[in-house]
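Topology and contacts: notes
Here's the letter readout for the chains.
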Amino acid sequence: MFQKPPPGSQGLNPQPKLLIMRLDQRFPWLWALILAFMVTQSSPKYPPQIPSITDPKFIEDCVKIHNELRSDVEPVAGNMRYMTWDAALAKSARGWARKCIFKHNIHLSQKNACHPIFHSIGENLWIGPLTEYLVRNATTDWFDESKYFSLDINRCLRPCLHFAQVVWASTYKVGCALRSCPNLGKHIVIFVCNYSPAGNVAGMAPYATASSCTLCEDGDTCENKQCKNPKRDRILRYPYWNPKWEFPRHITCNPFCQICVSFRMIGIALAIIGITMLQRKYPHMHLKT
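Our subject in this report is the structure included herewith. (Residues numbered from 1 in each chain as written. Predicted model: local features only at pLDDT ≥ 70, side-chain atom pairs only at ≥ 80, totals over all residues. Heavy atoms only, no water.)

What follows deals with the overall build of the chain. Helix and strand counts for the chain come out as seven helices and eight strands. Counting only residues that meet the buried cut, the chain has 35% of its 289 residues in that class. Sequence separation of 24 or more characterises 71% of the internal contacts of the chain that already satisfy a separation of 6 or more. Working note: accessible area of the chain is about 19,200 Å², and carbon and sulfur atoms make up 62% of it. (Helix = DSSP H or I, 4+ residues; strand = E, 2+ residues; numbered from the N terminus. Buried < 20%, exposed > 50% of the residue type's maximum accessible area, 1.4 Å probe, protein only. Contact = heavy atoms within 4.5 Å. Areas by Shrake-Rupley, 256 points an atom, 1.4 Å probe, with all protein chains shown as cover.)

Right, let's get into the packing of aromatic side chains. Tallied over the entire structure, the rule returns six aromatic pairs. Summarising the aromatic geometry, the rings of Trp 142 and Phe 191 are spaced 5.6 Å apart at their centres and angled 10 degrees between planes, so their arrangement reads as stacked. Here Trp 142 is found in helix H5 (residues 134-143), whereas its partner Phe 191 is found in strand S6 (residues 188-196), with 49 residues between them in sequence. Assigned by exposure class, Trp 142 and Phe 191 land together as buried. If you follow Arg 232 out to its NZ or CZ, it ends over the ring of Tyr 172, 5.8 Å from the centre. (Phe/Tyr/Trp six-rings, centres within 6.5 Å; stacked < 30°, edge-to-face > 60°. Lys NZ or Arg CZ within 6 Å of the ring centre and 35° of its normal.)

All right, on to a nonpolar patch on the surface then. A surface patch of nonpolar side chains, about 430 Å² in accessible area, is lined by Ile 266, Leu 270, Ile 273 and Met 277. Among the secondary structure elements, Met 277 is positioned in helix H7 (residues 255-281). (Patch = residues over 30% accessible without salt bridge, like charges linked within 9 Å, V, L, I, M, F, W, Y side chains within 5 Å. Salt bridge = Lys/Arg side-chain N within 4 Å of Asp/Glu carboxyl O.)

For the rest of this paragraph, the subject is the packing of helix H3 (residues 56-70) against H5. Any two packed helices are characterised by how steeply their axes cross, that is the angle between the axes, and by the distance between the axes. Where H3 meets H5, the closest approach of the two axes is 9 Å, and the angle between their N-to-C directions is 25 degrees. One way to sum up the angle between H3 and H5 is to call them roughly parallel. For H3 against H5, the interelement crossing comes out right-handed. Residue-level contacts link Phe 58, Asp 61, Cys 62, Ile 65, His 66, Glu 68 and Leu 69 of H3 to Val 135, Arg 136, Thr 139, Thr 140, Trp 142 and Phe 143 of H5. (Axes fitted to C-alpha atoms, helices over the stretch in contact; angles between N-to-C directions. Parallel < 35°, antiparallel > 145°, perpendicular 65-115°, else oblique. Left-handed = near helix turned anticlockwise from the far one by under 90°.)

Checked against the element boundaries, Asn 194 lands in strand S6. Setting aside chain neighbours within four positions, we find Asn 194 in contact with Leu 89, Ser 92, Ala 93, Ile 121, Gly 122, Glu 123, Lys 173, Val 174 and Gly 175.

Let us look at the pattern of salt bridges. Summed over all chains, the structure comprises nine salt bridges. Of the charged contacts, one joins Glu 217 and Arg 81 as a salt bridge, the two residues approaching to 2.5 Å between their closest N and O atoms. Placement of the pair is Glu 217 in the loop between S6 and strand S7 (221-223) and Arg 81 in the loop between H3 and strand S1 (84-85), with a sequence separation of 136 residues. In this structure Glu 217 comes out as partly exposed when scored by relative accessible area, which is 43%. With a shortest N-O distance of 3.0 Å, Glu 246 and Arg 94 are connected by a salt bridge. Here the residue Glu 246 occupies a position in the loop between strand S8 (226-228) and H7, and Arg 94 occupies one in helix H4 (residues 87-97), the gap between them amounting to 152 residues. Note on accessibility: Glu 246 and Arg 94 belong to one class, buried. Through salt bridges that share partners, Arg 81, Glu 217, Asp 220, Arg 232 and Asp 233 make up one connected network.

Across the eight residues that make up strand S5 (residues 173-180), a large majority, six, are buried. In terms of strand pairing, S5 meets S6 through eight bridges, oriented antiparallel. Note on S6: the bridge partner recorded for Lys 173 is Ser 196. (Pairing = 2+ DSSP bridges.)

Tallying each qualifying case throughout the model produces five disulfides. Each sulfur in the disulfide pair Cys 100 and Cys 181 lies 2.1 Å from the other. Handedness of the Cys 100-Cys 181 disulfide follows from its S-S torsion of about -85 degrees: it is left-handed. Taken together, the positions of Cys 100 in the loop between H4 and strand S2 (122-129) and Cys 181 in the loop between S5 and S6 put the pair 81 residues apart, joining distant regions of the chain. Given a relative accessible area of 10%, Cys 100 falls into the buried group. The class of Cys 181 is buried, set by a relative accessible area of 0%. (Disulfide = S-S within 2.5 Å.)

Looking now at the nonpolar core. Grouped together as the largest cluster of nonpolar side chains are 50 residues, with contacts concentrated most on Phe 58, Trp 85, Val 167, Cys 176 and Phe 191. Those elements that place two or more of their residues in this core are H3, H4, S2, H5, helix H6 (161-166), S5 and S6. When sequence neighbours within four positions are dropped, the list of residues in contact with Trp 85 reads Ile 53, Phe 58, Ile 59, Cys 62, Val 63, Ala 90, Lys 173, Val 174, Gly 175, Cys 176 and Ile 235. (Core = buried A, V, L, I, M, F, W, Y, C linked by side-chain atoms within 4.5 Å.)

Attention now goes to the sheet that holds S1. Strands sit in the order S1-S5-S6-S2 across an open sheet of four strands; the sheet is mixed. In this open sheet, the two edge strands, each paired with only one partner strand, are S1 and S2. The pairing of S2 with S6 spans eight bridges and is antiparallel. Paired with Asn 124 across the strands is Cys 193, a residue of S6. Packed on one face of the sheet, H4 meets S1, S2, S5 and S6 and runs near 30 degrees to S5. Along the sheet, H5 makes contact with S2, S5 and S6, crossing S6 at roughly 65 degrees.

As structure tokens, then:
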């Protein structure tokens, strides 16, 4: 038979609900902390999005890390140019990245195939998982090849051409693109950067060793150990240019094209009006064949 507990013994082993009520009274903030922890753990973590070549942050990240590394070369460079973004180079990088082939662009040496003005185009490629700091990590990987380069003999002791292109002093334009490539692996992306003027010219050193900016060109100013020039560094957009080999190809109509289309539309409209007026004036007129 069930026996009641002796008087005063109920408080020795409080029931779970009573314990929870006491915790709720003494530590009201505890539940908010538990709830916040559960929400944080249960919320899905989405991978970073692939930025477009017009994304301001992507552009800033690409230019910033290149200039940081170029200003940190050892020994110091006396003729290192400041690097700025180029939209046409980025379009070519995007076009080649879309192919998801970890090989260099076969159109680089073709005149105006990768840029409407520059004829000398360099390129760096990188593949790996998509992360928030991919641009910085990939560019730093290229720069880390510096340990294989001997400036004394101007030679790579092991493959280091990526490093040479990143720090090539006469290069002052860069354009990059990212593309997800499932054929290269799960969650793998390809990162392509195009440069102009191109580096890795046979027989030439990446840069000249001297005190910072002592070998800058006339009209240049020195900033962060680099040679800047407002004319050279201005940003050009090239809104009506796209590489012809890109697929799917971006079709654009420049001002001359727009004028031609307008005249054609006006001509068609006038022809329709003329035919309508003739039919009304001469309703029984028929063309003989």
